[in-house]
Amino acid sequence: MNKRIFHRNAIILPESRSYLERPRIDRLLADAVRRPYVLVTAGAGYGKTQAVHSFLLQYDASTVWVQLSERDNLSSRFWENVVRTVSLFNERIAQRLLEFGFPNNDDLYGKIITVLEDELIPNEKYVLVFDDFHLVENPSVLGFIRRTLYTPFANITLALISRSEPPLNTVLPLAKGLLFTVGEDELRFSEKETAEYFQLLGLNLSSQSVADIHRDTGGWALALNLLGLSLKKAPAQEQIARAAMKLNIFKLMESEIFLVIPERLRRFLVRLSLIDHLPASLISALAGDPTLEEELKKVSSFIRYDNYTDAYLIHHLFLDYLRRKQDQLTEEEKRDTYRQAARWCDENDFKMDAISYYEKAGEYEAIMRIVRQFQTQIPTEQAKFVLDIYDRGPTELLEGVAAYHLQRFRLLMSLARYPDLVAETNARIAKYSALPPSDFNNRILCGAYFALGVTSYQTLPKTGRCDFDQLLEKADYYYRLSPWKERSPATSLALNAWASRVATTRSGAMEEYIETLTRAIPFAAEALSGFMSGLDDLARGELHFYRGDLQTARKLIRQAQARAESHAQYEIRNRALFYLLRIGVAQGDYEETQSLFQELEAQLKMPEYNNRFITYDIVSSWYYSLIGREFAAHWLRGRAANESAGYLSVNFANQVRARLDYSDKRWSDLLTLLESMRSPYDPLFAQLEHKALEAVCRFQLKERGAALVALGEAYELALSNNITMPFIELGKDMRTLTAAAQREKNCAIPRPWLEMINRKAATYAKHLGLVVAEYKKAHNIGSGAALSTREKNVLRDLYHGLSRAEIAANHNLSLNTVKMILSAIYTKLDADNMADVVRIALEQDLIK
């Protein structure tokens, strides 16, 4: 990573482009960046950006400089901006951040922390700058920054540059000495610095003149800059220049800059003010003439080219001045500017900016093309942003495009606005089924019935209606009448923790649901290239698993995995591997579990699977909750996340959080977590797992009566469908609880059932012990054995300052394998932290 940063506007001598050095400010900032957080707050034109930028040019740190705009009030756009900037310094980090998406919940934020821990070099200093932070008002983006204020890194400084005090509640970081603030008083030019600046410009002013100028300007950097430009042209006009400056700063810009440049350059500058980001390639396209670009570079006081980012930068106040003149442009000039900006953003993966510019250019079909590429479960804020554009768009024009109707259905589904979705789809069905048949009408009817079918599937736990197959059959009917001209790309079904959506205990309901799935899948898969393929086999295997029929479950789940793989149904494949891993543990087959881990890691190499890192962490952390919690993903060790964040995998993650609390014997925390997760519309398997965990938890807390009540409630839930695995997987703790229940004279639970669960839980505990023993043996854990060759190699790389990601690349290992090796090293050396590891390794001469 190069120790370079983005260059930003500063007080520059136009001819030499040399910076005025301000040692006082540099000393102040040198003290500031020793803290985890720096807040630089001052009004426009105080040289905030220049001061920080000039200092960081000399400072020994790797700096990521994120330039914010009002568009960053859309969290997905903000994240694109961050990722794009980070990619200039570390492609690996940027790729991981892009795959996670904006961290709008604790799960994703925890994963960001894990990535930084893995990728950044421990002894390297890093600075992350957010410039123009005052433009950010979005609660999600502010929440992300607020989180960082309470998770400081030893080697990272977060610097915020803002025109106003941000709404971040900085009282606690200030009280703890973690935050350093710099304000207008510190940034003002002193009288001595004012004199030095004019000397740098080659202007020999008297001491009295310098004192008068300093009094008039108050040390305001922008005013000094403009005054310097005027005096360079007419040194004898000091009094006139000062009066003009005090009268109107914009008039000075007009007289000293705007009116002295050619008309075509003036018009071009106003066009540029329509756009937030000005890459050189876009400037070239807009200019259409290399000589115009050369003229642009001559306006060096307020516009400059940054050869590192290959972009042009305009001072904020000059940009405000130019925006006041946008009414001088024709509508066609504006549309052409927006159109070219949209295309550049589209080609360079600034998708949210592209959508915004396409709207201003009136190119709605281009917006639809981008939305078509979004992941299945569109993040809530992103979906709302696009739906708002469609709502304010030209209705007559949009309704003539079939994709518009289909995308409205999809956006409403992503927002879980099911009542609105049902109303819209039924209205379209009534309208278009009454019209003469056509490809256009058939396509809308297909999309409407498909949306109703998926809605019926998703809301089944709440409604109890299992009719999604009939709705998808109607969708298929209209699809076959008018197949898409272009085959739809594979769309992966988004899943939570279970394949079953059944919430009732009614006997036979599970089988009815599965048969409905079997009928529905061919209809859904035809139009959407295999959508839902394998889900019915997974649901069958899941039911057999919960009934304890592991052999049949394995066979069915392998079938589900094969079907899912052939149709790019990544979530179904992942859940299949999850169940196979649970079966492997239940049967004490360590070799099988390791083989399944290799299959899980293979998914990490599938970039088209958006959630691959999240679901890998969830599944592997379930396994590590049995083997040793220290191997579990860091981000899963906190409190539960709310599913309203828009990611169904959050539900999956919370189930594993519960297992981690259980393995840690954090009984009170586990009860709190289970209560926060409870919903009246939970699938039956969720209700059972939670109730069984509650029973064991209360027994461990010596709440014997409450434990037996919870166990009885779990038994009632399980009885009609003969479900046993939620009890069996609790091993020795369930064995102890069922033994206690058998000794109770008034226990309502049948004794034969208690004896059966007791026996099978004991067998499970034995098999789990075999897997744990084999794992520890394979990794030399707890044996006091010397480090293996691989462990020594990893230790040597750590000693030489390599990050975990670099170690993985160096030895052709996965990142998770490196983590496991590091955990084994910690255990063998009985070390608490990295410093301990290095100290002990040197003492024992383990680093050669």
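Reading guide: rules and limits
- Residues numbered from 1 in each chain as written.
- Predicted model: local features only at pLDDT ≥ 70, side-chain atom pairs only at ≥ 80, totals over all residues.
- Heavy atoms only, no water.
- Helix = DSSP H or I, 4+ residues; strand = E, 2+ residues; numbered from the N terminus.
- Buried < 20%, exposed > 50% of the residue type's maximum accessible area, 1.4 Å probe, protein only.
- Contact = heavy atoms within 4.5 Å.
- Areas by Shrake-Rupley, 256 points an atom, 1.4 Å probe, with all protein chains shown as cover.
- Phe/Tyr/Trp six-rings, centres within 6.5 Å; stacked < 30°, edge-to-face > 60°.
- Lys NZ or Arg CZ within 6 Å of the ring centre and 35° of its normal.
- Salt bridge = Lys/Arg side-chain N within 4 Å of Asp/Glu carboxyl O.
- Pairing = 2+ DSSP bridges.
- Axes fitted to C-alpha atoms, helices over the stretch in contact; angles between N-to-C directions.
- Right-handed = clockwise from strand over helix to strand, strands pointing away.
- pLDDT = per-residue confidence, 0-100.
- Parallel < 35°, antiparallel > 145°, perpendicular 65-115°, else oblique.
- Left-handed = near helix turned anticlockwise from the far one by under 90°.
- Nonpolar A, V, L, I, M, F, W, Y, C, P; charged D, E, K, R; others polar.
- Expected span 1.5 Å × (residues − 1).
- Arc of directions from axis to C-beta.
- Core = buried A, V, L, I, M, F, W, Y, C linked by side-chain atoms within 4.5 Å.

1. Considering the overall build of the protein
Move 1: When you go through the protein residue by residue, the secondary structure sums to 44 helices and eight strands.
Move 2: Put simply, the protein has 848 residues, and 59% of those count as buried.
Move 3: Taking as baseline every contact in the protein between residues at least 6 positions apart, the subset at least 24 positions apart corresponds to 71%.
Move 4: As presented, the protein carries roughly 35300 Å² of accessible surface, and 51% of it is formed by carbon and sulfur atoms.

2. Side note on the packing of aromatic side chains
Move 1: Per the stated rule, a full pass over the model turns up 37 aromatic pairs.
Move 2: Taking 5.6 Å as the distance between ring centres and 85° as the angle between the ring planes, the aromatic pair formed by W79 and F144 counts as edge-to-face. A residue pair is termed long-range when its members are at least 10 positions apart, and W79 in helix α3 (residues 75-87) and F144 in helix α6 (residues 139-148) qualify at 65 residues.
Move 3: Given a relative accessible area of 4%, W79 falls into the buried group.
Move 4: Residue F144 is classed as buried on the basis of its relative accessible area of 8%.
Move 5: When the ring centre of Y357 is taken as reference, the NZ or CZ atom of R71 above it lies at 4.0 Å.

3. A look at unusual backbone geometry
Move 1: The phi dihedral of D349 is positive, around 65°, even though this residue is not glycine.
Move 2: The topology assignment puts D349 in the loop between α18 (331-347) and α19 (351-361).
Move 3: For D349, a relative accessible area of 51% corresponds to the exposed category.
Move 4: The phi angle at A416 is positive, at roughly 55°, despite the residue not being glycine.
Move 5: Counting through the fold element by element, A416 comes out in the loop between α23 (402-414) and α24 (418-433).

4. Let's talk about the pattern of salt bridges
Move 1: For the structure shown, the criterion picks out 60 salt bridges.
Move 2: The shortest N-O distance in the salt bridge between R323 and D276 comes to 3.8 Å. Taken together, the residues span a long stretch of sequence, with R323 in helix α17 (residues 316-323) and D276 in the loop between α14 (263-272) and β6 (278-279) at a distance of 47 residues.
Move 3: Residue classification places D276 among the partly exposed residues on the basis of a relative accessible area of 31%.
Move 4: In this structure, the salt-bridge partner of R704 is E744, at a minimum N-O distance of 2.9 Å. Of the two residues, R704 sits in helix α37 (residues 704-719) while E744 sits in the loop between α39 (731-743) and α40 (751-778), which places them 40 residues apart along the sequence.
Move 5: Looking at R704, the relative accessible area reads 34%, which means it is partly exposed.

5. What about the sheet that holds strand β3 (residues 126-131)?
Move 1: With parallel pairing, five strands are arranged side by side in an open sheet as β2-β3-β4-β1-β5. Of all strands in the sheet, those with a lone pairing partner are β2 (62-67) and β5 (179-182), marking the two edges. Averaged over all adjacent pairs, the angle separating strand axes in this sheet is 15°, with direction ignored.
Move 2: Pairing analysis gives six bridges linking β2 to β3, with the strands arranged parallel.

6. Focus: the pairing of β3
Move 1: The element β3 is largely enclosed, with a buried count of five among its six residues.
Move 2: Note: β3 against strand β4 (residues 156-162), five bridges, orientation parallel. Its bridge partner lying in β4, F130 is registered against L160.
Move 3: Once you follow β3 into α6 and on to β4, the crossover reads as right-handed.

7. A look at the confidence of the model for the protein
Move 1: Here the protein averages 85 in pLDDT, and 89% of its residues register 70 or above.
Move 2: Taken as a whole, residues 4-18 scores under 50 in pLDDT and shows 60 contacts with residues more than four places along the chain or in a different chain.
Move 3: Per-residue pLDDT stays below 50 along residues 642-647; that stretch engages in 16 contacts with residues further than four places along the chain or on separate chains.

8. Things to note about the packing of helix α9 (residues 191-200) against helix α10 (residues 207-217)
Move 1: In the contact formed by α9 and α10, the axes pass within 9 Å of each other and the chain directions differ by 115°. Taken together, α9 and α10 sit at an angle that is classed as roughly perpendicular. Considering how the two elements wind past one another, α9 and α10 form a crossing that is right-handed. Residues E191, T194, A195 and F198 of α9 touch α10, and the partners they reach there are S207, V210, A211, I213 and H214.
Move 2: Across the contact of α9 with α10, the residue classes break down as five nonpolar, three polar and one charged.

9. A word on α24
Move 1: Compared with the 22 Å implied by 1.5 Å per residue over 16 residues, the 22 Å span of α24 between its first and last C-alpha is a close match.
Move 2: L421, E424, T425, R428, I429 and Y432 are the residues of α24 that are buried. For α24, the arc enclosing every buried residue in end-on projection is 135°, short of the 170-degree limit, so these residues lie on one face.
Move 3: Contacts made by the buried residues of α24 are with α23 and α25 (439-458).

10. Thoughts on the nonpolar core
Move 1: Core analysis: the largest hydrophobic core is formed by 232 residues, its most contacted members being F130, L535, Y623 and F727.
Move 2: Residue contacts for L535: discarding those within four places in its chain leaves Y457, L493, L495, A499, L517, I521 and I572.
Move 3: Counting residues in each nonpolar core, the second largest holds 21 residues, with L29, A32, V33 and L56 among its members.

11. Focus on the pairing of strand β8 (residues 311-314)
Move 1: Of the two faces of β8, the one lined by A311 and L313 and the one lined by Y312 and I314 are each fully buried.
Move 2: Summarising the sheet, β6 and β8 pair through two bridges and their orientation is antiparallel. Directly across from L278, in β8, lies its bridge partner Y312.

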